[in-house]
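As a plain string of letters, each chain reads:
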Amino acid sequence: MLRHLFPQRIKLTRTRGERLSKFQLPAALTGIRNRLSTLFLRLTPTERQRLLLLTVVSGGLCGLAAVAFHDGIAFAESRLIDRALHAPHHSWIYLTILTPTLGGLIAGLGLHYWAPGAVGSGIPQVKAAYAMRSGRVPFRDALGKFVLGIVQVGSGASLGREGPTVQICAGISNWLARGASLSRQGQRRMAPVGVAAGIAAAFNAPIAAVTFTLEEVIGDLDQTMLAGAIVAAAIAAVVERSILGQHPVFDVRNQYTLGPATSLISYAILGLLAAAVSVGFTDSLLVLRARFKHFTSVPQFVHPAVGGAITGLLAVIGLWWLKQDGITGVGYRTLSSALTGSLPVKVLLGLLVLKFGSTIFSYASGGVGGIFAPALFIGGMLGGAVGYLDVAILHHSTESISSFALVGMGAVFAGIIRAPITSVLIIFEMTGGYGLILPLMIANMSAYALARHWRHTQIYEALLQQDGVVLPHGRPITSFQEETPTPGEIPP
């Protein structure tokens, strides 16, 4: 069926796959794996038992992989882009431009010659795998996402770590499912397990992980898949917290409260502006990505380097003009400052524009990384700026600026990602701020509804459509034969 739908795409994929080397296990490791597989099948004679055990194992492994991935990015940032930003004299200028450029070039080469499926955030690939390939996420893509994501985000690309974590964990859960000889339906049920575990470990937000899996991947209330997602998210969060500690992603000490009821007017305005920014972000990214696809003056593997160079230039402008970083990388440290209300309105608006531009160039040029973190960053800056407007017009306390920044994070997230329930819960779990439920609901739902009205197709489906893949809105396609790995070969 897929052959008739996308014949050229499948032919190209196979041609490139023939050029890529396959992972081979040494004979000794192959024997150990075979013995473990035999023992596993004896201990779990039914597929239901295997699913339960694999869900538990997958949650633990995904938690470990997420911690390793995030620590790897933090280590790379400290050794690469942070050193460039703080280099002495005027050397920081060209080092800040050169570092993400080289990181983008390395990532581009890795994508071109090793793991082409690791491009982007990873969530579109997982959605397509769940809907059209029985949840099959190639292990090579997951491994490539891990390595190349550390290189590119760590060198300064304006991309997030959360989307890649989802693809990495989905690849792990699918690899386990294939190794355990699950049926195609069983493999498909393992895909949401990896997604939930990845989001839970990435955001330290197990509840939001389950709702995101329901909203973005499953799309219905399948009890078996929902149960697996809950178990995996809980285990991954436990693993992450046992290693990194029990604390929200943003350790902000502010007490977020609604304040005067008249502030709800400003929060409604924030929802409207968040919708406009979200649609502008989505449309700009898609248009620029299409331009890069037709940009043949340089080889395709050089495109991420072009995006890295522009990101570095925008980071230089940010440091020179605003005396603030955050344009490169994840940007959570600068976002934390916005959540305390300590950034002036000029800085907030300047960072919003610069992060907007650096993210669409980093992603559209074919980089390895997600848009979760940039969406939260842009939303925080927008919300903080609206908070200053609320103070100036309605003469409310300046302490409310941080509350507006928090609500803005969720509103722009809801407008771009189109997961309205998750957008509310994820803000609660990431910040521990539960005093803004009403403003969050007003701003988030307004942004979601308006963004959906102005642009019906959400960003991940639009990215897939741009690549010639249209997801079926209904029963998943599972009526084709999957490749069977040869003995001693890790599933690709």
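The structure presented is a predicted model; accordingly, all values stated were derived computationally and were not measured.

**Things to note about the overall build of the protein**
Link 1 in the chain: Counting secondary structure elements, the protein contains 21 helices and zero strands.
Link 2 in the chain: Taking all 492 residues of the protein together, the buried fraction comes to 57%.
Link 3 in the chain: Long-range contacts, defined as pairs at least 24 residues apart, comprise 82% of the intrachain contacts of the protein with a sequence gap of at least 6.
Link 4 in the chain: Of the accessible surface of the protein, which amounts to about 20,500 Å², a share of 64% is contributed by carbon and sulfur atoms.

**Here's the deal with the packing of helix α13 (residues 263-293) against helix α21 (residues 459-466)**
Axis angle and axis distance: for two packed helices, these are the angle between their axes and the distance between the axes, and together they describe the pair.
Link 1 in the chain: Here α13 crosses α21 at 20 degrees, and the two axes come no closer than 11 Å. Looking at the two axes, α13 sits roughly parallel to α21. Seen from above, α13 lies across α21 with right-handed handedness. For the pair α13 and α21, contact is made by F281, T282, L285, L286, R289, A290 and K293 and by I459, A462, L463 and Q466, respectively.

**Remarks on the pattern of salt bridges**
A side chain of one charge can pair with a side chain of the opposite charge when the charged atoms of the two come close.
Link 1 in the chain: Summed over all chains, the structure comprises six salt bridges.
Link 2 in the chain: A salt bridge links E216 to K127; its shortest N-O distance comes to 3.3 Å. Note that E216 is positioned in helix α11 (residues 206-218) and K127 in helix α7 (residues 123-132), a separation of 89 residues in sequence. Exposure class is identical for E216 and K127. Each is buried.

**Description of the side chain of E77**
Link 1 in the chain: With respect to the helices and strands, E77 occurs in helix α4 (residues 47-79).
Link 2 in the chain: Setting aside residues no more than four positions away along its own chain, E77 makes contact with D82, R83, V153, G154, G329 and V330.

**Considering a nonpolar patch on the surface**
Link 1 in the chain: On the surface, a nonpolar cluster with roughly 440 Å² of combined accessible area is contributed by L53, V57, L61, L64, I243 and L244.
Link 2 in the chain: The biggest single contributor to the nonpolar patch is α4, with four residues.
Link 3 in the chain: Mapped onto the elements of the fold, I243 is located in helix α12 (residues 223-244).
Link 4 in the chain: Overall, I243 belongs to the partly exposed group, its relative accessible area being 44%.

**Topic: the packing of α13 against helix α20 (residues 437-454)**
Link 1 in the chain: Packing of α13 against α20 leaves a shortest axis separation of 8 Å and a crossing angle of 35 degrees. Crossing of α13 against α20: the hand is right-handed. Two secondary-structure elements touch here, α13 through L264, Y267, A268, G271, L272, A274, A275, A276 and V279 and α20 through L438, P439, I442, A443, S446, A447, L450, A451 and W454.
Link 2 in the chain: In the contact of α13 with α20, the residues fall into 16 nonpolar, two polar and no charged.

**What to know about helix α10 (residues 184-203)**
Link 1 in the chain: When the terminal C-alpha atoms of α10 are compared, their 30 Å separation across 20 residues agrees well with the 28 Å that a helix rising 1.5 Å per residue should span.
Link 2 in the chain: Taken across its 20 residues, α10 has 17 buried, putting it largely inside the fold.
Link 3 in the chain: Just downstream of α10 lies N204, where phi reads positive at about 55 degrees.

**Quick notes on the environment of T334**
Link 1 in the chain: Its place among the elements puts T334 in helix α15 (residues 332-339).
Link 2 in the chain: Considering only alpha carbons, one finds T334 and G380, 46 residues apart in sequence, at a separation of 9.9 Å.
Link 3 in the chain: Excluding residues within four positions of it along the chain, T334 makes contact with Q324, D325, G326, L343, L351, F377 and M381.

**Section: the environment of L264**
Link 1 in the chain: As for its position among the elements, L264 is in helix α13.
Link 2 in the chain: Here the alpha-carbon distance between L264 and A443, two residues 179 residues apart in the chain, equals 9.0 Å.
Link 3 in the chain: For L264, the residues in contact, after removing those within four places along its chain, are L258, L438, P439 and I442.

**Regarding the packing of aromatic side chains**
Link 1 in the chain: This structure, assessed with the given rule, holds nine aromatic pairs.
Link 2 in the chain: Both rings, one in F69 and one in F146, keep their centres 5.6 Å apart while their planes meet at 45 degrees; by these two values the pair is tilted. With F69 in helix α4 and F146 in helix α8 (residues 139-154), this pair connects stretches of sequence that are 77 residues apart.
Link 3 in the chain: With a relative accessible area of 1%, F69 lands in the buried category.
Link 4 in the chain: Of the residues examined, F146 reaches a relative accessible area of 24% and is grouped as partly exposed.
Link 5 in the chain: Ring centres of Y113 and F301 lie 6.3 Å apart, and the angle between their planes is 45 degrees; this geometry places the pair in the tilted category. Taken together, the residues Y113 in helix α6 (residues 91-113) and F301 in the loop between α13 and α14 (303-322) connect sequence positions 188 residues apart.
Link 6 in the chain: Through a chain of ring-to-ring contacts, the aromatic side chains of F203, F212, F372 and F413 assemble into a single cluster.
Link 7 in the chain: Directly above the aromatic system of Y130 lies the positively charged group of R188, at a separation of 4.1 Å from the ring centroid.
Link 8 in the chain: Above the plane of the ring of F377 lies K355, whose end atom (NZ or CZ) is 5.1 Å from the centre.

Conventions and cut-offs
Residues numbered from 1 in each chain as written. Predicted model: local features only at pLDDT ≥ 70, side-chain atom pairs only at ≥ 80, totals over all residues. Heavy atoms only, no water. Helix = DSSP H or I, 4+ residues; strand = E, 2+ residues; numbered from the N terminus. Buried < 20%, exposed > 50% of the residue type's maximum accessible area, 1.4 Å probe, protein only. Contact = heavy atoms within 4.5 Å. Areas by Shrake-Rupley, 256 points an atom, 1.4 Å probe, with all protein chains shown as cover. Axes fitted to C-alpha atoms, helices over the stretch in contact; angles between N-to-C directions. Parallel < 35°, antiparallel > 145°, perpendicular 65-115°, else oblique. Left-handed = near helix turned anticlockwise from the far one by under 90°. Salt bridge = Lys/Arg side-chain N within 4 Å of Asp/Glu carboxyl O. Patch = residues over 30% accessible without salt bridge, like charges linked within 9 Å, V, L, I, M, F, W, Y side chains within 5 Å. Nonpolar A, V, L, I, M, F, W, Y, C, P; charged D, E, K, R; others polar. Expected span 1.5 Å × (residues − 1). Phe/Tyr/Trp six-rings, centres within 6.5 Å; stacked < 30°, edge-to-face > 60°. Lys NZ or Arg CZ within 6 Å of the ring centre and 35° of its normal.

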